[in-house]
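Spelled out, the chains give:
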Amino acid sequence: DEWETPDWIFEQYCSEFDLNIDVCANKDNAKLPIYYTKEDDGLAQDWGGWHVWCNPPYSEVAKWVAKAFYETKKDNTVVVMLLPSRTDTRYFHNYIYNRSEIRFVKGRIKFNYTKKDAPFPSMIVIFRGANV
């Protein structure tokens, strides 16, 4: 649940989308100076107006995807998420498919500080707000 996003992935999307907050981090894996920790509860925070990076805990991915979908209904909000590519899930069909931009990651990601590749494919999902 707390695997750190590989720098090469984050850097690509940070510059493209001018990301300014990491909503699901801790002091050791935060990708941006402004971030929410588990104690801050990013799910309870208002993301309106931010350009958000989110690599959520995969045990609760459906909650985070739903949150991103609804938060980007607010003006000028963008959410970029690193997610497991699980296209058979309800959350994928309810919130992602035909409702966001999907970029599939080629190959398997090796998360920072792990020795093996992830046992699943990954995707980047981009939700864009009403006036972006």
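Structure first, text after, so check above.
All of the points below concern the structure found in this document. The numbering scheme is per chain: residues are counted from 1 as the chain's sequence reads. Under the rules for a predicted model, residues below a pLDDT of 70 receive no local features and side-chain atom pairs below 80 are neither given nor counted, while totals for whole chains, interfaces and linings still include all residues. For the side-chain quantities, the full set of heavy atoms in the structure was used; hydrogens and water were omitted.

1. Some words on the pairing of strand 5 (residues 122–128)
Logical step 1: By the criterion of burial, strand 5 is predominantly enclosed, with six of the seven residues buried.
Logical step 2: Pairing between two strands requires that DSSP report at least two bridges joining them. Going along the chain from the N terminus, every DSSP run of H or I of four or more residues is numbered as a helix, and every run of E of two or more is numbered as a strand. Direction of pairing for strand 4 (residues 101–104) relative to strand 5: antiparallel, over a ladder of four bridges. Paired with Ile102 across the strands is Val125, a residue of strand 5. Categorising residues by exposure relies on relative accessible area from a 1.4 Å probe, with only protein chains included: less than 20% of the type maximum marks a residue as buried, more than 50% marks it as exposed, and the intermediate range marks it as partly exposed.

2. Observations concerning the pattern of salt bridges
Logical step 1: A carboxyl oxygen of Asp or Glu within 4 Å of a side-chain nitrogen of Lys or Arg is what we treat as a salt bridge. Within this structure, the stated rule accounts for nine salt bridges.
Logical step 2: Of the charged contacts, one joins Lys27 and Asp28 as a salt bridge, the two residues approaching to 3.6 Å between their closest N and O atoms. The residues Lys27 and Asp28 share a single accessibility class, namely exposed.
Logical step 3: Across the salt bridge formed by Glu101 and Arg103, the nearest N and O atoms sit 2.7 Å from each other.

3. Brief notes about the sheet that holds strand 2 (residues 51–54)
Logical step 1: Taken together, the five strands give an open sheet; going across it, the order is 1-2-3-5-4, and neighbouring strands pair in mixed fashion. The open sheet has two free edges, formed respectively by strand 1 (21–22) and strand 4, since each of these has just one partner strand.
Logical step 2: Pairing analysis gives four bridges linking strand 2 to strand 3 (residues 78–84), with the strands arranged parallel. Looking at the pairing, Trp53 lines up with Val80 of strand 3.
Logical step 3: The contact criterion used throughout is that any non-hydrogen atoms of two residues lie within 4.5 Å. Interaxial angle, 0 to 180 degrees, is taken between N-to-C directions of lines fitted to C-alpha atoms, where a helix line uses only the stretch in contact. Of the strands in this sheet, strand 2, strand 3 and strand 5 are in contact with helix 2 (residues 61–71), which crosses strand 3 at around 160°.

4. A look at unusual backbone geometry
Logical step 1: Even without being glycine, Asn76 reaches a positive phi, approximately 60°.
Logical step 2: You can see Asn76 is positioned in the loop between helix 2 and strand 3.
Logical step 3: We note that Asn98 has phi near 65°; this positive angle belongs to a residue other than glycine.

5. Comments concerning the packing of aromatic side chains
Logical step 1: A pair of aromatic rings is counted whenever rings of Phe, Tyr or Trp (Trp by its six-membered ring) have centres within 6.5 Å, and the orientation is called stacked for planes under 30 degrees apart, edge-to-face for over 60 and tilted otherwise. Inspection of every chain in the model, using the stated rule, returns eight aromatic pairs.
Logical step 2: Site record: aromatic cluster; members linked through ring pairs are Phe69, Tyr70, Tyr95 and Phe127.
Logical step 3: Definition used: whenever NZ (Lys) or CZ (Arg) falls within 6 Å of the ring centre and also within 35 degrees of the ring normal, the charge is taken to sit over that ring. Of note, Lys67 hangs over the ring of Trp47, and the distance from its end group to the ring centre comes to 5.5 Å.

6. Let's talk about the nonpolar core
Logical step 1: Core analysis: the biggest nonpolar cluster contains 23 residues, and Val23, Trp47, Val65, Met81, Leu83, Ile96 and Phe127 have the highest contact counts within it.
Logical step 2: Where this core is concerned, the elements lending two or more residues are strand 2, helix 2, strand 3, helix 3 (90–96) and strand 5.
Logical step 3: Per element, the largest residue contribution to this core is six residues, and it comes from helix 2.
Logical step 4: Apart from the residues lying within four places of it in its own chain, the contact partners of Trp47 are Val23, Tyr36, Gly42, Val52, Trp64, Lys67, Ala68, Glu71, Thr77 and Val79.
Logical step 5: The nonpolar core is taken to be a set of buried Ala, Val, Leu, Ile, Met, Phe, Trp, Tyr and Cys residues, with the residues joined through side-chain atoms within 4.5 Å. Phe10, Tyr13, Cys14 and Ile124 belong to the second largest nonpolar core, which has 17 residues in total.

7. Comments concerning the side chain of Ser122
Logical step 1: Looking at the secondary structure, you find Ser122 in strand 5.
Logical step 2: Classification of Ser122 by relative accessible area gives buried; the value is 1%.

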